[in-house]
Each structure stands twice: as C-alpha cells, then as structure tokens.
Amino acid sequence: MAEEEKVTRRDFLLYAMGGWAAIGVGASLYAMYKTWEPLPEVKAQATVKFDLSEVQPGELRVVAWRGKPVFVLRKTPDMIKCPDRTVKDEYTVVIGICTHLGCIPNWEEDKKIWHCPCHGGEYDACGRNIFGPPPRPLAIPPFKIEGNTIVLGEEGPEYKKLMKG
Amino acid sequence: MEKKKGGFIQWLDERLAINALMKIMMTEYYIPKNINFLWSFGVLIMLVLVILIISGLFVLMYYKPDAKLAFDSVNKTIMMDVEYGWLFRHIHAVGASIMFLVLFVHMGRGIYYGSFKPPREIVWLTGYLLFILMAATAFTGYLLPWGQMSYWAAQTITTLFEKIPVIGPDLVIWIRGNFIVEDATLTRFFALHVVLLPLLLIVFTGIHLYAVRIVGSNNEDGIELTKEEKKTKGIPFWPVFMSKEFFVMSVFLIFFFYLVFFQFHFAMDPINFTPANYLQTPPHIYPEWYFLAFYEVLRGFFFSQNLGLIAFVLSMFVAMFLPWIDTSPIKSGNYRPLYKIAFWIFVADFVFLTVLGKLPPTGLYGWLGFIGTLIFFGFFIALPIISKIEKKQIERGGNQ
Amino acid sequence: MKDLKILAILTVIVLATYIGIEPFAKHEMHGTVPEPDYNYLDLPKVQLNGNPEEGKKLFKTNCASCHGVEADGISATMDKKTAELSFKVVPPDLSNIANIIEPHFFAAFVKDPQGTTKFPKFAMPAMSYLTEVQIGNIYAYLKSVAKPAEELTGKEILNDACTRCHSVRYQKIYAHTDKDYLNDYLGKVPPDLSLMGKAKEHEYLLTFINNPQVMLPGTSMPRLGLSEESATKVVEYLDKIADPHKEQRNKVGFWVLGYLIVLAGLTFAWKKKIWKNVH
C-alpha cells in the first residue's frame, strides 16, 4: 500500500514539474514566434497615400503598396465603363499581379489592355480577365477615399460597396 | 493505453535498440554517490550551450555581417525593433559570459579532485580543447557587434601575431584579410563563430561525454570503484542523478535570468555602445572578464614584450598538460595537504590576475601583475615537486 | 550541508572577482565624477529684465541675419549653405533658448561666445558692443516667445540645443550642419546621440553637458549654459531613447523569476522524493 502511494506521489510531482516546465517552453516559443513579426518600418508601409488628381486622363501610374505594384489608371470617356469596378467614377485601381501565376502584366497603350508576358493572359481597362489562363480579374486592394487622395490599405465605405456589388 | 505504449517502444527498440541505449546511458549508468554539487557543472555547461545556440539562432536572423550594417543591426534592429529582440541579445551576451564562470568551476573541480589523472587523460584533453574552442568562439563573437571595444580587442589581439618570427607581419595581414581589422575580418569571424566553431564544439562534446561514459565519473575521495561497487554503492544516472540536476539547473536559471533582466552590464560594456572607429582607440581597452587573467599575464612581463607574449600563450595552454605535470598517485585534493595549499593559492592568484587585468598597467599595478604571473606559473612548477614528496610519503607508508 | 558550504565558497570567490572588476576597477579608471555647477559661478551673476518690444527690434537688427525665431515667424536671413560656408555650422533657431539656458550665461555668451563656451574657435562672433540694457531687452523678447520651461520636453530641448551638430539617427533626427563642415569646424564629427544614454553614465553626461572640459579636457564641445531642469530633461531623454524597452524588461523579468522560483520548488520536491528511496 505504501509502495503505491510513493509511486503515485512521485508521478504527480513528475507531472506537475513536467507541466510547469512545458509552460516555460511554451512562453519561450511565444517569444520566438514574436521575433518573426514584420518590423516597425514594414508595418508602417501597411498604408500608402496617393493623390489621384496627379494622374492625367489616359495615364497609368504604378504605386508601390506593401511591396506590390498597384495600377492606377485614369480612364478616358471612350474606355470601357464598369461601375462595379470603378473608383471615383473614372479610375481603375487594381493590384498589378496576374491572377494566374503572379507575374506583373504590361499595359498596352494601343490596345488599352493589360497583357501578361508569362502565359499571354489579358485584362481589359477595368482589370477584368478577357483572354488566356487567368481565372479571375485583377484584385482590387482595400482603399479609402479622402478628397482627391486614395489611401491604400484601409477599408473605406467605397471599397465595401464595390465588394458587395 | 499501457499495451499501446509498450507496443510503440517495442517497435522503436527493434529498429534503434533504445531499450539497451536507455540502460547504458541512463538507468544502468552508475555515478558514485560521494560527489557534491560541483559535479553538476558539466550539465550546466550543456544547458548554457543550448541556451547560447538557441539565442544565437534568433539574433542571427536579424544580424548583418557587414562593417557598415553590423552595429545598427544589433543596436537598432535587434535591440529596439524586433519584438523580444532585446531579450535574445541579453540572453546571448550574458550566456557567453556565464559560460566561462561555469567552465572555470568545472575545470577547477577537475584540477582539485585530480579528475585529469589516469585513466581520464582523454577526458581532460578533450575538455581542455573544448575550453580553447569556447574561447575562440567568444573571441570571434565579440567582434560581431562592431563596437569600439569589439574592434580594438580584435585589432590588439591580431597584432600579437606580428611577433612571430619571419612570417609574423604577413600572417597578420592574412588573418585580417586587410592591413587592419576591417569588413573582411568581420565576415570570416562571422563564419567561424556561427558555423565552424559550434560544429567543433558539438563534435568534441560528444567525444568528451563518450570518454566520460567509458571511464566513469571521478568522486570526492578519488577512489576508483569496481563495476560491482558502482552498482551497489552508486546512483543510476536516471532518475536519481538527473533529479538533482533538474534542481541545480532551476536554481542556476534563477541566477542566470536575474542577470539577464536586472544585472547585465558586466556582459555588455558601455564602451561597445559606440560604433567602431578605426582611427581612435578608447582610453581604456580590456577584454571580457574571463580573459582578464591571461591578458594580465601578457602585460605581466612589462619589461619585455616578447617574454610577455610567450608567457601569454603558455598560460593559456600549460594546464592542458596537467596529467603529465602532476603525477602523484593520490587523486583527490582532500587527501593532499600540500596540493590543497598550492591549489587555493592558484585560485586566489587567478582572481588577483583577473582584477589586475582590468586596471591600468602602470606603477604598483605593473609590479603586482608581474608577481601574480610568477605565482601562476609557480603553481605548475610546484606540482612535480609536490608529486615527488607525496610519492615518497606513500613509500614510507605515511599518507592515508 | 556540504553542497551549501561549497556554494558559499563559490559565492565568495565570484563576489570578490565581481567587486574587483566592476565597482573597484571602474573607480580606478574613471574616478568620481564631479558635481555639475548650474550656477556657472565663473560668470558674473546679472539680473536680466527688459522690454520685449525693444528686444524684438534689437533682435531683428543684430541677430536675425543668422538666427531664426520660428515661434514668432522670424526666419534667419542667411540660408543653410551660406551659413555652412561662412561659419561651418548652421546657427540654431532661438525660439526656446531663453527657457533652456541660464540668464546670466546668455548675457556672458552674447558678449564673449568663445570664453563663455570655453571653446576658443566658437563660430558666433562676439557681440561685445551690446550694452547690458540691450542684452536685457533681447533676453526679455526671447523669454516672451519661448515655450514655458515646464512644458519643454527633453526631445524639444535636444532639438534646440544640440542638433546643429549632433544627429540622433535612431530617432530619425539629423544634424542641421553637414558632416564635412562640422569636421572642419570642430576637428571631428560629433558622435551620434542615439545610444549615448547607454555609452555613458547618467552622472557623466550631466557633468559633461554642464562643463565639457572637466570630463574631456581639450574637447571641441562648447559649454552651453543649460539650466539644471533642461540638462536633467535632456539626459533623461537620452536615457529613454537608448533603452526604450526598460519597462517591458523589468516586467517580463519579474514574471520569469517568479516562474523559475516555482520551478525550483517543484524540482526540489521531486529530487527529495527520488532520493528518499536511495540507499
């Protein structure tokens, strides 16, 4: 009877000790996990402001946001209209990364389309995929409108409306 | 549940012989019972080594080994920008310093109790080599933050090689990869510190532990036990010896983390928070505390640079030859009154030299350093004499 | 018990070594740092009262060619490039100077910048022709536009008093004057202050700022006449930016030590249990 008692008491202590040690290991792993978070300078890149009035009608600008290219195209009246993908009535604002396998498409001025050099995918002036392997239109980044300025990286009411529609 | 566990162990055992391994390394590996907590320092060394490797890995993820980027990568990125970066850096710096405290105690135990004597010469030699490798790791590591102290410590110590006859001056340029310590020196020290030296440390630790397993641990009385005596009079490594080790490690960690969080300045000298300036030496340069005694031996022969250099090299390696310097058949210092006195004088002298190494080497301190250096070597000169006396005492049947 | 005796011996040896290489050696190398003298006893103690309106006129005539007062919309006439070429240093804006430095230091400085700052090559020419009354008026004007002393932060004081020569890169603060001109002017480029709070002890910095020649004889850093309040705030700011995680470190340390003490208790209990059964 005494033998069993000794054994269980030793085991309980062993488990308590092991469990407590595991908590320490867990805390250490947490600290290690935290060290991989993006640094302050990177977190600061999370939002980027851009003045839309700088862009001439028909002009394409590429804005860097979180390391990615964002195409800002100010459409002329003769270009395709698509109210469900247009920002501030005349702008196409899309992430310039092909939805097929991630290359950056090139704007072809004469045809008014984006053409991806990797596998020939094509997108219209609204960023919708019209030819080739891309499965989806170019993605619209979260944005907010503040007067003439667009803030990339923040979800404003205009963005939410586009996403719903 | 029991059956499943037994089944899995059986499955592993058929492939890795883990039952036999457990018996040999743990449950039927017997440690003498007459040991004290100084015998726990080997495990503490391994604990600190693991802590250094893990903390080193995490600072390595953000460190930039380039003369223009290194200082800021440590002092801005790691210390200020990375979440808990300051913690990993503190652990690494304090760990490196504490490692030598644990090493010195471990070696001191070996010297006092005669753990270097037959049949443990290989244990001693591999252990001593590990000490040298650790010193090289600390030296190469210290350059990496590229502070004023980092830079000038490397500049001074690499200059010493100039004194080697004939090849000296060219050798120094070859070591540095430049006429002065520069980016080339930084990147090669980085490679040594991060890859080669840790690999060698791990390999030789393996050999050291294998050697210990073969001959078994020494004990306070220095008396060798037979295999049967070990079983009856000894304690199994697992769970008995390890249970004490867990407690000692916990207490050690309290001490260690107290230093990491609240008392770390001794391991991060203020002078190193100024970026390296190749054209200006700080008014006081000194190595980290664990090199101070040897540094003082270098300065001890203040009247002769060459003698100082030879003494410096000798002081770092002389103890390696203890198995052949101290040949008394009596192992433990507990039974050697003369040796005991010499040992404690040596310890006091080592502390003495360490403190002097931090002080300006002029006037009285210069002479004290010289005396301290003589006592240091005096210990090793006295040992063969003490051995002879003790052997004579045994012949006369006097010493028991 | 034997182990405790050995632990005691080890503790004595380690403590002896530690005391020798830290407090004792530090004292031998650096000595004690003298107390700073915020009364600037070597300078004549003068009372500075005056008429701010008169002072503004005098300022515009005598000072605004080089010094701006942003708080009052005054820009220095001389631009950065010309200032660098002429004086090798960009003259500081004086919006808050009256609440940063001691009044009698200001008075002595305007008359004899080189002697008062203890830097023989100090760039500002001596305005020795100004009378006591005129200096009093100018000071009164500057006092009227300066932010109240209690509201001035360490960072603001540093920006006003130090950044014509010193950068603080980690805080994205850059010296107003280009490195090469500073090198010419001072003989070396002044050190970046990002880590000065860690590189030098608190007392050292206070005494150094108060009178650089005491801590570093022959240095090119001028004495600046900071009041005790300003100097204390600046050094506290330097301490804070050099060690931004101090609070977190203390907090985490407290919890880690608490955890380890419990762990030691558990391992001790387990050891006792195991060793009870040992022969």
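As shown above, the structure is provided for reference.
Residues numbered from 1 in each chain as written. Chains lettered and ligands numbered in written order. Predicted model: local features only at pLDDT ≥ 70, side-chain atom pairs only at ≥ 80, totals over all residues.

Draft legend 1. Structural view of the nonpolar core. Counting 70 residues, the largest nonpolar core has V48(B), I98(B), M99(B), V102(B), L144(B) and W146(B) as the members making the most contacts within it. Going through the elements one at a time, α3 (41–60), α4 (70–81), α5 (85–112), α6 (121–143), α7 (148–160), α9 (183–215) and α11 (237–262) of chain B together with α13 (246–276) of chain C are the ones with two or more residues in this core. A per-element tally of this core places α5(B) first, with 13 residues. Setting aside chain neighbours within four positions, we find M99(B) in contact with V48(B), L52(B) and M134(B). In this structure, I97(C), A107(C), L182(C) and Y185(C) belong to the second largest nonpolar core, which totals 59 residues. (Core = buried A, V, L, I, M, F, W, Y, C linked by C-beta atoms within 7 Å. Buried ≥ 20, exposed ≤ 12 C-beta atoms within 10 Å, placed from the backbone. Helix = DSSP H or I, 4+ residues; strand = E, 2+ residues; numbered from the N terminus. Contact = placed C-beta atoms within 7 Å.)

Draft legend 2. Inspection of the packing of α6(B) against α9(B) at higher detail. All names here are of chain B. The interhelical angle for the contact between α6 and α9, taken along N-to-C directions, is 160 degrees, at an axis separation of 9 Å. For the element pair α6 / α9, the angle class is roughly antiparallel. For the element pair α6 and α9, the recorded crossing hand is left-handed. Residue composition of the contact of α6 with α9, by class: 19 nonpolar, 8 polar and no charged. (Axes fitted to C-alpha atoms, helices over the stretch in contact; angles between N-to-C directions. Parallel < 35°, antiparallel > 145°, perpendicular 65-115°, else oblique. Left-handed = near helix turned anticlockwise from the far one by under 90°. Nonpolar A, V, L, I, M, F, W, Y, C, P; charged D, E, K, R; others polar.)

Draft legend 3. Representation of the pairing of strand β9 (residues 143–146) of chain A in the model. All names here are of chain A. Here β9 pairs with strand β10 (residues 149–152) via 4 bridges, running antiparallel. In the strand pairing of β10, K144 is matched with V151. Between the end of β9 and the start of β10, which pair antiparallel, lie 2 residues, with G147 showing a positive phi angle near 65 degrees. (Pairing = 2+ DSSP bridges.)

Draft legend 4. Up close: unusual backbone geometry. Following P118(B), the chain continues to P119(B) via a peptide bond in cis, the omega torsion being 0 degrees. Here P119(B) is to be found in the loop between α5 and α6. Cis geometry marks the peptide bond from W238(B) to P239(B); its omega dihedral reads 5 degrees. In this structure, P239(B) sits in helix α11. With a phi close to 55 degrees, K88(A) is a non-glycine residue in the positive phi region. Inspection of the secondary structure assignment puts K88(A) in the loop between β3 (68–74) and β4 (91–95). Its 13 C-beta neighbours within 10 Å are what place K88(A) among the partly exposed residues. Phi angles above zero are rare outside glycine, and K88(C) is one such case at about 65 degrees. Note that K88(C) resides in the loop between α3 (80–87) and α4 (103–111). For K88(C), a count of 18 C-beta atoms within 10 Å gives the class partly exposed.

Draft legend 5. Looking closely at the interface of chain A and chain C. Contacts between the two partners involve 9 residues from chain A and, on the opposite side, 9 residues from chain C. Partitioned by chemical class, the residues of the side of chain A that touches chain C number 6 nonpolar, 1 polar and 2 charged.

Draft legend 6. Broad picture of the sheet that holds strand β6 (residues 113–115) of chain A. All names here are of chain A. If you walk across this open sheet you meet the 4 strands as β5-β6-β7-β8, and the pairing is antiparallel. Looking at the sheet topology across the chains shown, the edges are occupied by β5 (106–108) and β8 (129–131). Where β6 and strand β7 (residues 122–123) come together, 2 bridges link them in antiparallel fashion. Each residue of the ladder has a partner; that of W114, found in β7, is Y123.

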